[in-house]
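Structural features, examined
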Amino acid sequence: MLFSSCTAALALGLVALVSAQDTTFEPLDFNITDALLDQGVNISALPELESLVTRSSTAGCSIACDSLRILFGSSSVIKQSDASYNGFTDSYWSAQQGSVDPFCIFKPSNAPSVSIAILISRLTQCPFAAKSGGHAAFAGASNIEGGITISLERLDTVQLSGNKKTADVGPGNKWFDVYTALQPSGVTVIGGRVSGIGVGGLTTGGGISFFSNIYGWACDNVASYEVVTASGLIITASPSENSDLYWALRGGGNNFGIVSKFTMNAISLPGGQMWGGGRVILEDNFDAVVNAFYNVGVNSPSDPNAAQILSFAYVPSADLKVAAADLQYAKPVANAPIFSEYLAIPAISDTTRVRTLADLTQEFNASNPDGLRETYWAATYKLNKAHTAKVRDIFFEEIQSIKDAAGLVPAATLQVITQGQLAAMSKNGGNPLGLPASNGPYLLLNMNMMWTNPADDTRILQCNQRIIDRTVALGKSMGLFEDYIYMNYASQYQDVIASYGATNKAKLQSIAAKYDPTGVFQTLEPGYFKLNGPPVSGKP
Ligand SMILES: Cc1cc2nc3c(=O)[nH]c(=O)nc-3n(C[C@H](O)[C@H](O)[C@H](O)COP(=O)(O)OP(=O)(O)OC[C@H]3O[C@@H](n4cnc5c(N)ncnc54)[C@H](O)[C@@H]3O)c2cc1C
Ligand SMILES: *[C@@H]1O[C@H](CO)[C@@H](O)[C@H](O)[C@H]1NC(C)=O
Ligand SMILES: *[C@@H]1O[C@H](CO)[C@@H](O)[C@H](O)[C@H]1NC(C)=O
Ligand SMILES: *[C@@H]1O[C@H](CO)[C@@H](O)[C@H](O)[C@H]1NC(C)=O
């Protein structure tokens, strides 16, 4: 066997060695061939790889994919000629990501296999991407043209600890599977609000949940991470072990390694029961909606069980402006008093009811179908009622120029980053997001649009850019601007890591230099929000 069953033990041995060395995650004379041997892979038995190492070749990805296929078999490595290839690329949420064609797709079933893939990428200089739920919108975020797309789908463990205080969750899960698996035990974890979203991207970028006003974001509720590093080590990051890496992973994205397991804090949710749904409101009540949104946001500390997502949207077919107020309560209690202002506003439809968490995430999944063209944008401002109303008005003004685009569904989705969410960001040594609690609460804007015709891409992206620019300029003029850009909602033109502040950016760079001294996750995994700038420079 090339790939010995003792790889896990070898990996454990490496962890022990690393703790002893303490600071050196990759020695200067690091030898990839030897590192592969440590993982049970002898490249002499992979003829193309061996000749590549001795003779050098330009066919890196062909060799990398062939080698992975020899090691792991055709059920784990999909090539372009395989029948299942198109089904895989169709599984991305956005059409832009689905149109990216990797040289091959690798489906590792454990952390040592992830390690081997990273080392083979280094040896062949074939670039890679990592995919969890595939919901990042722009091309190349979790798929890679001509490279190896590492699909984490088989890392799908959901394992509650004996004392029910934590759950081990693999990055191959979608939140629906996590919530469904935990529900019989009367617990859940802090995660996504739409069933089909992946654990990996949401948690490494932040992660706003229905329960975040009580417990904080997903990234602030990870007790520890199991991470595969650039040199193929499998290490733990927690408040007590590699605590600098733990800090970096709480929102630093895919810049430090591939997380192969999240150990998440478990919270009590008997029977999975809560309350929630959506109320759709017409234009004559838009001012009342903004008032209700603002008040639920600022009053959140008085009842943090309550959560809200407010979207202003336009329905071109009916030339109709609507507000969708999605309201949630962390207990099976209908119509909690904190929502009274919202509930007094007439709604043309209302799906709120007592139901399970998993069921509520299915309702929101239904309004986010796969396969359309998509764009997401983010901006943050200190919460102010007059500014929030202006954000709404700017959105409706700007979409006039694109409303004839085929299949267009444009929305400005508003959330409050509440004092409760901000307080949790500082526990266990804090996170790198650079959001000062003292200036909160904040308004988080997520511009999002779906459409169908690629010919409309540029003008739709430009429209989003204008909405962000105008609401930011207004925020600045009102003394409300906050430069934080939420990674999970950001567009490819936005510099997320810089938005965390110069000090945090420098700290993230030095942590990356320690765990990944040659910059594997900056250059060989080029997609998504890297440390040195946005995925695409300039404006659309
Ligand atoms: C319909 C919809 C609903 C959403 N709802 C919410 C919500 O409720 N709350 C919220 O906060 N956000 C939400 N988001 C935003 C969401 O968090 C981001 O889109 C996120 O990137 C999706 O994660 P994913 O795993 O599905 O994406 P992917 O595209 O698979 O991954 C995104 C990025 O994360 C990296 N990554 C994934 N797994 C790992 C890993 N294990 N280790 C290292 N890097 C990894 C990938 O390489 C990629 O660069 C939503 C998005 C959509 C489209
Ligand atoms: C790595 O080690 C192998 C022996 O295991 C050796 O043959 C090879 O030359 C080394 N590679 C480099 C780049 O030093
Ligand atoms: C690797 O394989 C080659 C050829 O099969 C063999 O000669 C060599 O001893 C092996 N190396 C190790 C370290 O097992
Ligand atoms: C979410 O919706 C997508 C697209 O409609 C669908 O393919 C997927 O199965 C849904 N996810 C879950 C967990 O039901």
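Residues numbered from 1 in each chain as written. Chains lettered and ligands numbered in written order. Predicted model: local features only at pLDDT ≥ 70, side-chain atom pairs only at ≥ 80, totals over all residues. Heavy atoms only, no water.

The name given to the chain in an unreviewed UniProt entry is FAD-binding PCMH-type domain-containing protein, and the organism recorded there is Cladophialophora yegresii CBS 114405. The record held by UniProt for the chain lists under Sequence similarities (unreviewed entry) the comment "Belongs to the oxygen-dependent FAD-linked oxidoreductase family." (UniProt positions renumbered as here; feature names shortened; annotations may be inferred.)

1. Describing the site of ligand 3
Lining the immediate surroundings of ligand 3 are Leu 37, Asn 42 and Ser 44. Take Asn 42: an N or O atom from its side chain is 2.3 Å from an oxygen atom of ligand 3. Protein contact buries 29% of the 360 Å² of open area that ligand 3 shows by itself. (Near = heavy atom within 4 Å. Polar contact = N/O pair within 3.5 Å; in protein donor to acceptor, adjacent residues only side chain to side chain. Areas by Shrake-Rupley, 256 points an atom, 1.4 Å probe, with all protein chains shown as cover.)

2. Comments concerning the environment of Gly 140
By the secondary structure assignment, Gly 140 is in the loop between strand 3 (128-131) and strand 4 (148-151). The exposure class assigned to Gly 140 is buried, which follows from its relative accessible area of 18%. Along the sequence, Gly 140 and Gly 251 sit 111 residues apart, while their C-alpha atoms lie 19 Å from each other. Excluding residues that lie within four positions of it along the chain, Gly 140 makes contacts with Gln 97, Val 100, Gly 527 and Tyr 528. (Helix = DSSP H or I, 4+ residues; strand = E, 2+ residues; numbered from the N terminus. Buried < 20%, exposed > 50% of the residue type's maximum accessible area, 1.4 Å probe, protein only. Contact = heavy atoms within 4.5 Å.)

3. What about the nonpolar core?
Burial of nonpolar side chains together is a common tendency in soluble globular proteins. In terms of nonpolar packing, the biggest core is built from 72 residues, with Trp 175, Phe 211, Trp 217, Tyr 225 and Phe 256 touching the most fellow members. It is helix 11 (residues 243-249) that provides the largest number of residues to this core, a total of five residues. When near neighbours in sequence (up to four residues on either side) are disregarded, Tyr 225 contacts Cys 219, Ile 235, Thr 236, Ala 237, Tyr 246, Leu 249, Arg 250, Val 259, Lys 261 and Phe 262. Ile 338, Leu 383, Leu 445 and Cys 463 belong to the second-largest nonpolar core, a separate cluster that totals 49 residues. (Core = buried A, V, L, I, M, F, W, Y, C linked by side-chain atoms within 4.5 Å.)

4. Digging into the state of the cysteines
Chemically, a disulfide is nothing more than a covalent bond linking the sulfur atoms of two cysteines. Using the criterion set out here, one finds two disulfides in the structure. In this model Cys 61 forms its disulfide with Cys 126; the gap between the sulfur atoms is 2.1 Å. Handedness here is read from the sign of the S-S torsion; for Cys 61 and Cys 126, about 100 degrees, the answer is right-handed. With Cys 61 in helix 4 (residues 60-72) and Cys 126 in the loop between helix 7 (111-124) and strand 3, this pair connects stretches of sequence that are 65 residues apart. A residue is classified by how much of its surface remains accessible, and Cys 61, at 13% relative accessible area, is buried. Here Cys 65 connects covalently by a disulfide to Cys 104, the sulfurs 2.0 Å from one another. Between Cys 65 and Cys 104 the disulfide shows an S-S torsion of about -80 degrees. By sign, it is left-handed. Here Cys 65, found in helix 4, pairs with Cys 104, found in strand 2 (residues 104-106); they are 39 residues apart in sequence, far enough to count as distant. (Disulfide = S-S within 2.5 Å.)

5. Some thoughts on the pattern of salt bridges
For the coordinates displayed, the defined rule picks out 22 salt bridges. With its nearest N and O atoms 3.0 Å apart, the salt bridge here joins Arg 470 to Glu 397. Here the residue Arg 470 occupies a position in helix 17 (residues 457-477), and Glu 397 occupies one in helix 15 (residues 385-398), the gap between them amounting to 73 residues. The partner of Lys 530 in a salt bridge is Glu 525, with the nearest N and O atoms 3.5 Å apart. Given the relative accessible area of 8%, Lys 530 is considered buried. (Salt bridge = Lys/Arg side-chain N within 4 Å of Asp/Glu carboxyl O.)

6. Describing the side chain of Thr 352
With respect to the helices and strands, Thr 352 occurs in the loop between strand 15 (349-350) and strand 16 (353-356). Taking relative accessible area as the criterion, Thr 352 reaches 16% and is therefore assigned buried. A polar side-chain atom of Thr 352 sits 2.7 Å from a polar atom in the side chain of Asp 350. Beyond its immediate stretch of four places on either side in the chain, Thr 352 contacts Trp 275, Gly 276, Gly 277, Gly 278 and Arg 279.

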